[in-house]
Amino acid sequence: MTVPVPDQLTYTYDEDGVTTVFPYLTQFLEPDELVVVREVDGEQTVLVYGIDYTVSGPGDPSGGAITRTSATNG
């Protein structure tokens, strides 16, 4: 069975300085399929897997979660 997947999915979350877990509600197979970007005052920074965040749920049809290694809000 083939399941079509959009070329790019974007989930946006506001950091509040407390929350560190952000759900990703679409199936992915490998953590490197995700690109996590943090934006502050219009400046975007691509976060590094294993340093800035970890991922749970690869292969799960209902998705998984991105966990930031520290909570920040600015």
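**Q** Which parts of the structure should I look at to understand the pairing of strand β4 (residues 53-56)?
**A** Side chains Tyr53 and Val55 of β4 all project onto a buried face; the interleaved residues Thr54 and Ser56 project onto a face where none is buried. Alignment of β4 against strand β5 (residues 64-68), held across 4 bridges, turns out to be antiparallel. Residue Thr54 lies in a different strand from β5, and its bridge partner there is Thr67.

**Q** Which parts of the structure should I look at to understand the side chain of Arg68?
**A** Positionally, Arg68 belongs in strand β5. The class for Arg68 is buried, based on a relative accessible area of 10%. In terms of polar contacts, Arg68 uses its side chain to reach the backbone carbonyl oxygen of Asp52, at 3.4 Å. For Arg68, the contacting residues outside a window of four places in its chain are Glu15, Thr20, Phe22, Arg38, Leu47, Asp52 and Tyr53.

Criteria and cut-off values
- Residues numbered from 1 in each chain as written.
- Predicted model: local features only at pLDDT ≥ 70, side-chain atom pairs only at ≥ 80, totals over all residues.
- Heavy atoms only, no water.
- Buried < 20%, exposed > 50% of the residue type's maximum accessible area, 1.4 Å probe, protein only.
- Helix = DSSP H or I, 4+ residues; strand = E, 2+ residues; numbered from the N terminus.
- Pairing = 2+ DSSP bridges.
- Polar contact = N/O pair within 3.5 Å; in protein donor to acceptor, adjacent residues only side chain to side chain.
- Contact = heavy atoms within 4.5 Å.

Distances and angles like these do not, on their own, reveal function.
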